[in-house]
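Topology and contacts: notes
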Amino acid sequence: MHSSLTPVILRELREPRAYPAVSLAMPTHRRPPENSQDPVRLGNLVSEAERQLTADPGVTKERREDVVAQLRAAVQEIDLAHVRDGLLVFAAPGEHQAWVVDRSVPERVVLADTFLTRNLVAADAARRPYWVLTLAADRIALWDGRGERVTEDTGHGFPLTRGLEDPDAERKERVGDLPSTFRDEQTRQFFRDADTALTEALAGRPRRLYVTGESAALALLADVGSVADTAIEVPVGGLAQATAEEVAQAVAPARQEAARLVVAEALDQLEQARGERKYAAGVDEVWQEAQDGRIRRLVVEENYRITVRAGDGHLEPAADDDIDAVHDIVDEVVESALETGAEVVFVPDDTLADAGRVAAVLRF
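Residues numbered from 1 in each chain as written. Predicted model: local features only at pLDDT ≥ 70, side-chain atom pairs only at ≥ 80, totals over all residues. Heavy atoms only, no water.

Backbone-to-backbone hydrogen bonds pair the strands of a sheet. The strands run either parallel or antiparallel. Judged by pairing direction, the sheet is mixed, and its four strands sit side by side in the order β11-β16-β12-β15 without closing on themselves. Edge positions in the open sheet fall to β11 (279-281) and β15 (343-347), since each of these has one partner strand only. On average, adjacent strands in this sheet sit at an angle of 15 degrees to one another, irrespective of strand direction. Across the sheet, helix α9 (residues 283-291) touches β11, β12 (295-301) and β16 (358-362), and the angle it forms with β11 is around 130 degrees. (Pairing = 2+ DSSP bridges. Helix = DSSP H or I, 4+ residues; strand = E, 2+ residues; numbered from the N terminus. Axes fitted to C-alpha atoms, helices over the stretch in contact; angles between N-to-C directions. Contact = heavy atoms within 4.5 Å.)

Strand order in the open sheet made by the four strands is β3-β2-β1-β4, with antiparallel pairing throughout. Each of the sheet's edge strands pairs with one partner strand only, and the pair in question is β3 (95-101) and β4 (108-112). Averaged over all pairs of adjacent strands, the angle between strand axes in this sheet comes to 10 degrees, irrespective of strand direction. Pairing of strand β1 (residues 21-27) with strand β2 (residues 86-92) involves six bridges; the strand directions are antiparallel. Within β2, the position partnered with P27 by the bridge is G86.

With 18 residues, helix α2 (residues 38-55) should cover 26 Å at 1.5 Å per step; its first-to-last C-alpha distance of 26 Å lies within 8% of that length. Burial in α2 covers these residues: D38, L42, L45, V46, A49 and L53. Taken down its axis, α2 places every buried residue within 95 degrees of arc, on the same side. Across from the buried face of α2, at angles greater than 90 degrees, the exposed residues are V40, N44 and A55. Structurally, α2 contributes buried residues whose contacts are with β1, α3 (61-77), β2 and β4. (Expected span 1.5 Å × (residues − 1). Buried < 20%, exposed > 50% of the residue type's maximum accessible area, 1.4 Å probe, protein only. Arc of directions from axis to C-beta.)

Further remarks concern the packing of helix α6 (residues 185-204) against helix α7 (residues 215-224). In a packed pair of helices, the relevant descriptors are the angle between the two axes and the axis-to-axis distance. Packing of α6 against α7 brings their axes to within 9 Å, and their N-to-C directions diverge by 70 degrees. By the angle between their directions, the pair α6 and α7 is classed as roughly perpendicular. In this structure, the crossing between α6 and α7 has a hand that is right-handed. Packed against α6, whose contacting residues are T187, R188, F191 and R192, the element α7 presents A217, L220, L221, D223 and V224 at the interface. In terms of residue class, the contact of α6 with α7 is built from five nonpolar, one polar and three charged. (Parallel < 35°, antiparallel > 145°, perpendicular 65-115°, else oblique. Left-handed = near helix turned anticlockwise from the far one by under 90°. Nonpolar A, V, L, I, M, F, W, Y, C, P; charged D, E, K, R; others polar.)

Our focus in this paragraph is α9. For α9, the full list of buried residues reads V283, V286, W287, E289 and A290. Summarising the axial view, the buried residues of α9 lie within an arc of 165 degrees, below the 170-degree limit, and thus occupy one face. Its buried side turned inward, α9 meets β11, β12, β13 (308-311), β14 (314-317), α10 (329-339) and β16. Of the residues one or two after α9, G293 is the one with positive phi, at around 70 degrees.

What follows is about the environment of E285. If you trace the backbone, E285 turns up in helix α9. For E285, a relative accessible area of 36% translates into the label partly exposed. For E285, the contacting residues outside a window of four places in its chain are Y279 and A280.

Encoded structure:
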């Protein structure tokens, strides 16, 4: 199962496929007893996909058998004991993928010539991806953070490691007595190399950066490089050999404060945009602005969902059981905004109660 989305992976997922490209979306549950229903619901979705494939005159018998086999192979690879809030399964002739996301998705089966990626994009945006750099005199590691989870990134030469010339340096690091270690030229060059590697890593995937380490380590990185100038410093040492859980816990307070500041800034910008007549509010108005590529910053409540029907250039509320309705219009707006270079900020529920749960700062 996949969980980390990158621009390269997203471009590959959006490439046209030979018809039919099947997308299954299903809300899942992290804990019992609710998760006991997930295997049954997944089986029902696969059966529904097979039914639609059989009923579609544009799908040959060979294509149908190929895609059904891919769906079943994907299901076999899914560990439902370790899912999160949503599951996405993609299958096309000769290929299949399964994705777990930290965001509930509407249950559906879609046959098209591309995969349905909007739920995946919205879930990734909601998790606010970030980087964590852990500094130590003998090991510098880069971590890919998404929500409450981090995984070590091994690209661009990370982790950087070296032996410590001082045979007693390892003991000193444990007790935090490392000022002299962070002043020697070998360590300075080690940190310069880390700065160069970090520059390369962030060039393709810019996002918020947290840097952890002893105060002396943080000061040295700031002295020898520049890439961490805008980073959030977390003065916590002892993470050179830390587990992913320990790294996530170390940066959690800083992440919470950063998220609070992002929400406050977003609300301030909305208020300013209102006075400048560069403001849109409500799903119908925001949806139209997203279609025109006018959104600079989209602000949406975390769990806002609404089922609509599109007609005459406007959206109208619809019943959940309306087969012609769009059940994930908010995620569609998020994807459209991101495609045109907008920033997306998710805020706590009820923050935008007076703005129809979603609002935007417009470019013009």
